[in-house]
Amino acid sequence: MSVTIRQRHGRPPFVLHRLSREPNRATTPVIRHDGLFDIFPESYWARFTALESVSLRCHLRAPARLRLLRRRLDDVGGEALLAETSWSPGTETDEVELSASLAPADGPDSCLLLEIIPTGPHTDPVISAAWESAQAPERTPRIGVVITTFNREPFLVSNLVRLHRHMAGGCAVVVNHGEPGLEQRLRGQVPTDPAIRWIDQENSGGAGGFTRGMVEHHAAGDITHVLLMDDDIDMPDDLVERTAAILSFARPEICLGGAMFDYHARTQLFSAGDMLLPGSFGIGHVVPPDGCDIATAAGVDFLARVHRPDFNGWWCFAFPIEALEQVGLPMPCFIRGDDVEFGYRLKRAGMPTLGWPGLAVWHMPFAGKSAPWHMFYDRRNSLFANALHRRIGRLKAVGKLVGGFTHHLLRYDYDRVRAMTFGIAAFNAGPAAMACWTHREHAQLIAATSAMALASDEADGGKASSALTLHPIRLSGFARSLRMVGRLVLDLCGLPVGRATPYVLPHGDHWRPDYTQRPSLVIEQDGNGGTARVYRRDPAESRRAMLRCLRAMTGMLVRFHQDVPQAALGTTLGVTATSAH
């Protein structure tokens with residue numbers, strides 16, 4: 001433990017990150033900088049970097065007592081005082097430095113924080129504060145940012161303004177999939193910055209846009225890490241600077257992920273990394289079961305604990321560019337699943353992802369964005385990922401696919417059923433067909449998996465005015481299984497079922513096939529009491545869907561372990577690809 005009050009000479013300290021100008025919690029007379037973006041996540045630095053000690057340097061304008069605290073994050077909890085000092089005007093300098101050695105790497109999870117006790121009339125005595133290191137960095141990272149954008153210009157402008165002069169010596173590539181001429185259209189709204197490069201290209205989905213950015217940064221030859229970011233985020237000004245500081249000391253194989261918070265509910269965590277569920281490519285988010293609010297100490301503590309996700313969403317994800325030479329480029333899956341498979345491939349190659357506390361963005365929420373055609377990409381891409389990594393066998397895959405197919409078939413969601421079947425058939429067509437998929441095929445997919453929803457809306461007519469309200473009760477146990485089989489037989493045979501009168505579900509309830517009441521026409525409501533979605537029973541479509549599914553599943557069983565070589569996935573441009581097996 002050490003306390004220093006002195007003027008610095010010689011080599012300046014290395015800034016790890018600066019504290020916010022406003023305290024996170026102030027309980028008079030104590031001010032605590034213990035929020036997510038102000039704490040020092042000690043366990044991460046101790047376990048995954050070469051850093052041995054840290055200093056907290058503060059500039060003051062009024063008398064105060066400063067305390068450097070270590071907080072344990074396990075069930076024991078508690079805080080320990082590491083260093084303490086007082087400052088008052090008239091001393092040699094307005095600078096105060098508190099230093100401490102990092103806790104052992106094998107100790108309990110912990111973080112460091114600053115506590116300020118004003119000793120004069122001024123309620124906010126600190127001008128600025130920053131976590132620093134006297135150690136020389138292990139390396140000097142140069143970060144290449146990639147933003148793929150499609151007609152979200154207001155978000156893009158805001159983020160590029162934030163990036164300007166905050167790139168920590170790196171550069172950015174903006175890949176535009178929207179109307180060409182984006183750079184010219186935004187001229188005057190975005191500061192002129194030679195570190196930002198613009199590329200217009202035909203829409204190849206998020207996977208194609210991010211891959212193009214990776215290739216451009218690899219070809220430049222001076223980039224050490226690639227940082228991928230979505231275009232519909234709100235990011236802190238110092239995001240790239242924080243990332244660069246961590247990478248300056250981190251082990252070279254480490255990949256960094258940023259947490260995602262709700263754009264509208266700013267303190268609510270969506271995910272701090274993601275896990276692949278055992279024996280599948282299903283996803284579980286790193287978030288407590290009851291949610292995580294970083295306005296509370298419990299929420300901050302959760303994120304400061306060491307988590308080991310399998311991958312991180314590309315709303316904010318950084319990895320060593322040399323990884324491309326070892327594992328190749330992402331799977332050309334257009335959208336949905338590129339981050340999952342690539343992150344898992346990196347982990348298998350010895351490059352794990354860490355959701356580092358203090359790296360985060362605010363993202364538009366995913367709720368309400370679900371569309372039937374998403375099922376196509378989910379099924380196709382997960383089957384290709386499984387062919388690469390062999391996480392699940394044929395029989396288990398069939399069980400999962402049949403379960404999902406039957407669920408949506410019995411709820412009259414024929415668009416999703418069609419999308420799922422198309423996805424399996426696309427897997428059967430092989431990796432070369434996936435690599436050739438474009439926005440034109442994507443548009444055809446959307447049209448083909450929206451027909452039943454449009455037909456249902458049109459067929460609703462005026463019946464909604466005479467609809468009954470359905471308060472759903474779900475079946476369970478053996479009765480549920482037996483009823484599901486019976487309902488499937490009724491649909492395939494075209495036998496009558498339920499009432500002809502439409503049923504309306506109260507807002508917030510979604511139509512399921514295992515409700516005790518099963519009418520032939522169901523209406524889901526939106527928040528304004530209008531019709532959000534109509535589900536109409538169609539036995540003929542059920543039979544057609546079943547035949548399509550049987551054909552697709554038969555082909556899938558034959559090609560389940562088909563070879564997916566990296567060369568077939570479009571790995572070119574001088575990047576040496578190796579097999580992901």
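See above for the structure.
Cut-offs applied
Residues numbered from 1 in each chain as written. Predicted model: local features only at pLDDT ≥ 70, side-chain atom pairs only at ≥ 80, totals over all residues. Heavy atoms only, no water. Helix = DSSP H or I, 4+ residues; strand = E, 2+ residues; numbered from the N terminus. Rg over C-alpha atoms; globule rule 2.2 N^0.38 Å. Buried < 20%, exposed > 50% of the residue type's maximum accessible area, 1.4 Å probe, protein only. Contact = heavy atoms within 4.5 Å. Areas by Shrake-Rupley, 256 points an atom, 1.4 Å probe, with all protein chains shown as cover. Lys, Arg positive; Asp, Glu negative; His and termini not counted. Charge placed at Lys NZ, Arg CZ, Asp CG, Glu CD. Phe/Tyr/Trp six-rings, centres within 6.5 Å; stacked < 30°, edge-to-face > 60°. Lys NZ or Arg CZ within 6 Å of the ring centre and 35° of its normal. Salt bridge = Lys/Arg side-chain N within 4 Å of Asp/Glu carboxyl O. Axes fitted to C-alpha atoms, helices over the stretch in contact; angles between N-to-C directions. Parallel < 35°, antiparallel > 145°, perpendicular 65-115°, else oblique. Left-handed = near helix turned anticlockwise from the far one by under 90°. Nonpolar A, V, L, I, M, F, W, Y, C, P; charged D, E, K, R; others polar. 1 Å grid on protein atoms, 1.4 Å probe; cavity = no way out; pocket = protein on both sides within 12 Å on 5 of 7 lines; lining within 4 Å. Points joined across faces, edges and corners; volume = space filled by probe spheres on them. Pairing = 2+ DSSP bridges. Expected span 1.5 Å × (residues − 1).

K.L.:
Please explain the overall build of the protein chain as it appears in this structure.
P.N.:
Counting its secondary structure elements, the protein chain contains 16 helices and 25 strands. A compact globule built from 581 residues should have a C-alpha radius of gyration of about 25 Å, and the protein chain, at 27 Å, falls within 12% of that. Over its C-alpha atoms, taken along the principal directions, the protein chain stretches across nearly 90 × 55 × 50 Å. Within the protein chain, buried positions represent 54% of all 581 residues. Considering only residue pairs separated by 6 or more positions, the protein chain has 79% of its internal contacts joining residues 24 or more positions apart. Accessible surface, the protein chain as shown: approximately 24,400 Å² in total, 55% of it carbon and sulfur. In the protein chain, 61 side chains carry a positive charge and 61 a negative one; their mean positions are 8 Å apart.

K.L.:
So what exactly am I meant to see when it comes to the packing of aromatic side chains here?
P.N.:
What describes a pair of aromatic rings is the distance from one ring centre to the other and the angle between the planes of the rings. Evaluated as defined, the whole model comprises 24 aromatic pairs. Considering the side-chain rings of Phe14 and Phe249, the 5.3 Å spacing of their centres and the 80 degrees angle between planes classify their relative orientation as edge-to-face. With a gap of 235 residues between them, Phe14 in strand β2 (residues 14–18) and Phe249 in helix α5 (residues 239–249) connect regions that are remote in the sequence. Judged by its relative accessible area of 1%, Phe249 is buried. Taking 5.0 Å as the distance between ring centres and 65 degrees as the angle between the ring planes, the aromatic pair formed by Phe384 and Phe427 counts as edge-to-face. Of this pair, Phe384 sits in helix α9 (residues 374–389) while Phe427 sits in helix α11 (residues 414–428); the two residues are 43 residues apart in sequence, bridging distant segments of the chain. Each of the two residues, Phe384 as well as Phe427, counts as buried. Within the aromatic cluster, the residues linked to one another by ring pairs are Phe14, Phe40, Tyr44, Trp45, Phe48, Trp131, Phe249 and Trp356. Sitting over the ring of Tyr263, Arg266 keeps its end group 5.6 Å from the ring centre. Directly above the aromatic system of Phe281 lies the positively charged group of Arg391, at a separation of 5.5 Å from the ring centroid.

K.L.:
Where do I start with the side chain of His442 in this structure?
P.N.:
Within the secondary structure, His442 sits in helix α13 (residues 439–448). Given the relative accessible area of 13%, His442 is considered buried. Sequence-distant contacts of His442, defined by excluding residues within four places in its chain, comprise Phe334, Ile335, Trp373, Tyr377 and Trp437.

K.L.:
Quick question: what am I supposed to make of the pattern of salt bridges here?
P.N.:
Once their charged atoms are close, side chains differing in charge can pair, the charge on each being opposite to the other. This structure, assessed with the given rule, holds 43 salt bridges. Glu95 is the partner of Arg57 in a salt bridge, and the nearest nitrogen-oxygen pair spans 3.5 Å. You can see Arg57 sitting in strand β5 (residues 53–60) and its partner Glu95 sitting in strand β8 (residues 95–101), a full 38 residues away along the chain. Each of the two residues, Arg57 as well as Glu95, counts as buried. The closest approach of N and O atoms between Asp231 and Arg152, which form a salt bridge, is 2.9 Å. On the criterion of sequence distance, the pair formed by Asp231 in the loop between β14 (225–229) and β15 (233–234) and Arg152 in the loop between β11 (143–149) and α2 (153–163) is long-range, its members being 79 residues apart. Owing to a relative accessible area of 32%, Arg152 belongs among the partly exposed residues under this scheme. Each of the salt bridges in this network shares a partner with another, and the network as a whole consists of Arg32, Asp34, Arg65, Arg67, Arg71, Glu79, Glu84, Glu115 and Asp301.

K.L.:
Sorry if this is basic, but what is going on with the packing of α11 against helix α16 (residues 539–559) here?
P.N.:
Pairs of packed helices are described in terms of their axes, by the angle between the two and the distance that separates them. The contact between α11 and α16 brings their axes to 9 Å, and the two run at 25 degrees. Comparing the axis directions of α11 and α16 gives the class roughly parallel. The way α11 lies across α16 gives a crossing that is left-handed. In contact with Tyr414, Val417, Arg418, Thr421, Ile424, Ala425, Phe427 and Asn428 of α11, α16 contributes Glu541, Ser542, Ala545, Arg548, Cys549, Ala552, Met553, Gly555, Met556 and Arg559. Class assignment for the residues of the contact of α11 with α16 results in ten nonpolar, four polar and four charged.

K.L.:
Would you take a moment to explain the packing of α9 against α11 for this structure?
P.N.:
Close contact between α9 and α11 brings their axes to 7 Å; oriented N to C, the two are set at 30 degrees. With respect to their mutual orientation, α9 and α11 come out roughly parallel. Helix-helix and strand crossings are classified by hand; for α9 and α11 the assignment is right-handed. Residues Met375, Phe376, Arg379, Arg380, Leu383, Phe384 and Ala387 of α9 form the contact with α11, whose own contacting residues are Arg416, Ala419, Met420, Phe422, Gly423, Ile424, Ala426 and Phe427. Each residue belonging to the contact of α9 with α11 can be placed in one class, and the counts come to eleven nonpolar, one polar and three charged.

K.L.:
Mind showing me how you'd approach the layout of surface pockets here?
P.N.:
It is a probe the size of a water molecule, rolled over the atoms, that shows where empty space is left. Within this model, the second largest pocket holds a volume of roughly 670 Å³. Taken together, 30 residues line the second largest pocket, and the ones lying closest to its centre are Arg18, Asp237, Asp238, Glu241 and Arg242. For the lining of the second largest pocket, the elements supplying multiple residues, two or more each, are β2 and α5. In terms of residue class, the lining of the second largest pocket is made up of 14 nonpolar, six polar and ten charged.

K.L.:
Sorry, what's going on with the sheet that holds strand β23 (residues 503–505) here?
P.N.:
Strand pairing in a sheet relies on backbone hydrogen bonds. The paired strands run either parallel or antiparallel. Reading across the sheet, the four strands line up as β22-β23-β24-β25 and stay open at both edges, with mixed pairing between neighbours. The open sheet has two edge strands, β22 (468–469) and β25 (531–536), and neither has a second partner. Examined bridge by bridge, β22 and β23 share two bridges and lie parallel to one another. Bridge pairing in β23 links Thr469 to Val504.

K.L.:
Help me understand helix α10 (residues 394–410), please; the structure alone is not making it clear to me.
P.N.:
Given a rise of 1.5 Å per residue, 17 residues ought to cover 24 Å, and the 24 Å separating the end C-alpha atoms of α10 matches this to within 8%. Taken together, the buried positions of α10 are occupied by Ala397, Leu401, Gly404, Phe405, His408, Leu409 and Leu410. On its buried face, α10 sits against α9, α11, α15 (477–493) and α16. Within two residues after α10, Tyr412 carries a phi angle of roughly 65 degrees, on the positive side.

K.L.:
Explanation requested: the pairing of strand β10 (residues 126–133) in the structure shown.
P.N.:
In regular strands, side chains alternate between the two faces of the sheet. Of all eight residues in β10, six are buried, a share of seventy percent or more. Of the strand pairs in this sheet, β2 and β10 are connected by four bridges, and their pairing is antiparallel. Note on β10: the bridge partner recorded for His17 is Trp131. Note that β5 and β10 share six bridges and pair antiparallel. Counted as the bridge partner of Leu56 is Trp131 from β10.

K.L.:
I tried to follow helix α4 (residues 205–220) on my own but got confused; where do I start?
P.N.:
For α4, which comprises 16 residues, the first-to-last C-alpha distance of 23 Å matches the rise-based estimate of 22 Å (1.5 Å per residue) to within 8%. All of the buried residues in α4 are Gly205, Ala207, Gly209, Phe210, Thr211, Gly213, Met214, Val215, Glu216, His217 and His218. Of the residues trailing α4, Gly221 is marked for its positive phi of about 85 degrees.

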